[in-house]
Amino acid sequence: MKRKDFKKMKKKTSKKRLAIKVALLVTFSSLLMVTAYALNLQQKAQKAIEGAYEAIPETPKSEIRAEAKVEPASDNVSIMLIGVDDSETRGQGDDNSRSDALLVATFNPEEKSVKLLSIPRDSYVYIPKVDYKDKITHAHAYGGTHAAIETVEEMLDIPIDYYVKMNFNAFIEVVDALGGIDVEVPYDRVEKDEFDKNSIQLKKGMQHLDGRHALALARTRKADSDIERGKRQQMIIQAILKEAASLKSVTKYGDVIEAVGDNMKTNMTYNEMTSFMEYAKGGMPDVESLTLKGYDDWSTGTYYYKLDDQDLHTIQQILKSHLGLIPDSSKLTNNDTNVVGTADESDVSE
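Rules of the game
- The numbers attached to residues start from 1 for each chain and follow its sequence in the written order.
- Given that the model is predicted, a residue must reach a pLDDT of at least 70 before its local features are reported, and side-chain atom pairs must reach 80 or more before they are shown or counted; all residues, however, enter totals for whole chains, interfaces and linings.
- Neither water nor hydrogens contribute to the side-chain values; these are computed over all heavy atoms in the structure.
- What counts as a helix is a DSSP run of H or I of at least four residues, what counts as a strand is a run of E of at least two, and both are numbered from the N terminus.
- With a 1.4 Å probe rolled over the protein chains alone, any residue whose accessible area is under 20% of its type maximum counts as buried; one over 50% counts as exposed, and the rest are partly exposed.
- To pair, rings of Phe, Tyr and Trp, with the six-membered ring standing in for Trp, must have centres within 6.5 Å; the planes then decide the type, stacked if under 30 degrees apart, edge-to-face if over 60, and tilted in the middle.
- In this scheme, the term charge over a ring applies when either NZ of a lysine or CZ of an arginine sits within 6 Å of the ring centre and within 35 degrees of the ring normal.
- We call a set of buried Ala, Val, Leu, Ile, Met, Phe, Trp, Tyr and Cys residues a nonpolar core when their side-chain atoms join them within 4.5 Å.
- Think of it this way: DSSP has to see at least two bridges between two strands before they count as a pair.
- Only C-alpha atoms enter the line fits that serve as axes; for helices the fit covers just the stretch in contact. Angles between N-to-C directions range over 0 to 180 degrees.
- We call two residues in contact whenever any of their non-hydrogen atoms come within 4.5 Å of each other.
- Gly counts as polar in this scheme, as do all residues outside two lists: the nonpolar Ala, Val, Leu, Ile, Met, Phe, Trp, Tyr, Cys and Pro, and the charged Asp, Glu, Lys and Arg.
- We define a salt bridge as a side-chain nitrogen of Lys or Arg found within 4 Å of a carboxyl oxygen belonging to Asp or Glu.

*Asks:* Report on unusual backbone geometry, specifying residues and quantitative values.
*Replies:* A positive phi angle, near 50 degrees, is found at Lys112, a position not held by glycine. You can see Lys112 is positioned in the loop between strand E2 (99-108) and strand E3 (113-118). Positive phi, close to 65 degrees, is recorded for Asp196, a residue that is not glycine. The residue Asp196 is located in the loop between strand E8 (189-192) and strand E9 (198-202) in this model. Judged by relative accessible area, which is 25%, Asp196 ranks as partly exposed.

Next comes the structure, spelled out in structure tokens:
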């Protein structure tokens, strides 16, 4: 080989080695950045969850379980979602506010399935805190989170393992942090915003909604009924879950965690909350929405939604079975087509 050709070959080899070194350096730097981001995200998440943690006293239904403590990644568990309006406009504060939304979700990791039940806020139920029946929305006003959980446990005859309570600000900011959600809006309508001003214009059809528009769609009852309102809330929660489970949203988790801030309370630890990520692996879990049949009652001059006892018993059996508290009752179904009556909005806010 000629000396000139040898120099050219040596020069090419040096360039290749340099390119490999640069590639390795870039890759290593990227890994360091990803690791640093992940650690920073974890630290932010732990700090946020620690700040949001608020334990509640044990309730009678909590003793139903044989296990001393459940593990979300391996055990069937339940979560109660509480939406409250603790705005300065209302002047109620957190503990004195009524629950604006109540949903119960049961999780079964073996089936990778979720049962999602929306509870109409005007449901006439027994409230242990005051020892009489009233609208379920008043339970939180009577005794905060503990009273609300105790009432739902009494009504559904299941233990509530965890709760997540958010105010309007947290809901708006979480949806915005995810970049919005895609939902089917059932009508064209001007709705109230988080300050009760008619400033939200909803358009019928599949829409990409920001947090304020999603909240307005979740809250309104004037266009239909409490039952339909519950269905819309279930649809919105599923849209949030779908967006959160998508790969494009992974980089937004930091924003979501920061959005929660002081606007959320939960009895879940950081490890318990992150263990629910198992449900998002490999795609969305199978989510079944459930509703409660009933009828409108004005007999006392105040509006109540009276629950159908037989349907309530069926719902109880479905949730108990999904939690593994009774033998499988998968053949049970919840048909919500026979709901009687639609409330006039003039008195549903009592």
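*Asks:* Pulling in residues and values, what's your account of the packing of aromatic side chains?
*Replies:* Under the defined criterion, the tally for this structure stands at 3 aromatic pairs. Both rings, one in Tyr132 and one in Tyr142, keep their centres 6.2 Å apart while their planes meet at 70 degrees; by these two values the pair is edge-to-face. With Tyr132 in strand E5 (residues 132-135) and Tyr142 in helix H3 (residues 137-156), the pair connects residues that are 10 residues apart, well separated along the chain. Tyr142 gets classed as partly exposed once you look at its relative accessible area, which sits at 30%. Between Lys135 and the ring centre of Tyr304, over which it is positioned, the NZ or CZ distance is 5.9 Å. One residue, Lys306, lies across the ring of Tyr124, its end atom 4.9 Å from the ring centre.

*Asks:* Account for the nonpolar core, with residues named and values stated.
*Replies:* General note: in soluble globular proteins, nonpolar side chains tend to be found buried as a group. Of all hydrophobic cores here, the largest spans 30 residues; its most connected members are Met80, Ile119, Val152, Met155 and Leu156. Among the elements of the structure, strand E1 (77-84), E2, strand E4 (124-127), H3, strand E14 (304-307) and helix H9 (309-322) are those that each provide at least two residues to this core. Core analysis: the next-biggest nonpolar cluster, separate from the first, contains 23 residues, Val174, Ile181, Val183 and Leu215 among them.

*Asks:* Kindly report on the sheet that holds strand E6 (residues 162-167), identifying the contributing residues and their values.
*Replies:* Ordered by their spatial adjacency, 6 strands build an open sheet running E11-E6-E1-E2-E3-E12, and the pairing between neighbours is mixed. Strands with a single pairing partner mark the edges of an open sheet, and in this sheet they are strand E11 (264-266) and strand E12 (286-290). Shown here is a sheet whose adjacent strand axes are inclined to one another by a mean of 15 degrees, direction ignored. As defined by bridge partners, E6 adjoins E11 across 3 bridges and the pair is classed as antiparallel. Of the residues in E11, the one forming a bridge with Met166 is Met264.

*Asks:* Lay out the packing of helix H5 (residues 211-219) against helix H6 (residues 226-245) in plain terms, naming residues and giving numbers.
*Replies:* Interhelical geometry of H5 versus H6 gives an angle of 150 degrees and a closest axis separation of 8 Å. Residues Ala214, Leu217, Ala218 and Arg219 of H5 form the contact with H6, whose participating residues are Arg229, Arg232, Gln233, Met235 and Ile236. Residue composition of the contact of H5 with H6, by class: 5 nonpolar, 1 polar and 3 charged.

*Asks:* Tell me what's going on with the pattern of salt bridges, and back it up with residues and numbers.
*Replies:* All chains considered together, the criterion is met by 12 salt bridges. The residue Arg219 makes a salt bridge to Asp196 at a minimum N-O spacing of 3.7 Å. Of this pair, Arg219 sits in helix H5 while Asp196 sits in the loop between E8 and E9, and the two are 23 residues apart along the sequence. Given a relative accessible area of 15%, Arg219 falls into the buried group. Residues participating in the shared-partner salt-bridge network are Asp100, Arg121, Asp196, Arg219 and Arg229.

Keep in mind these values describe shape, not function.
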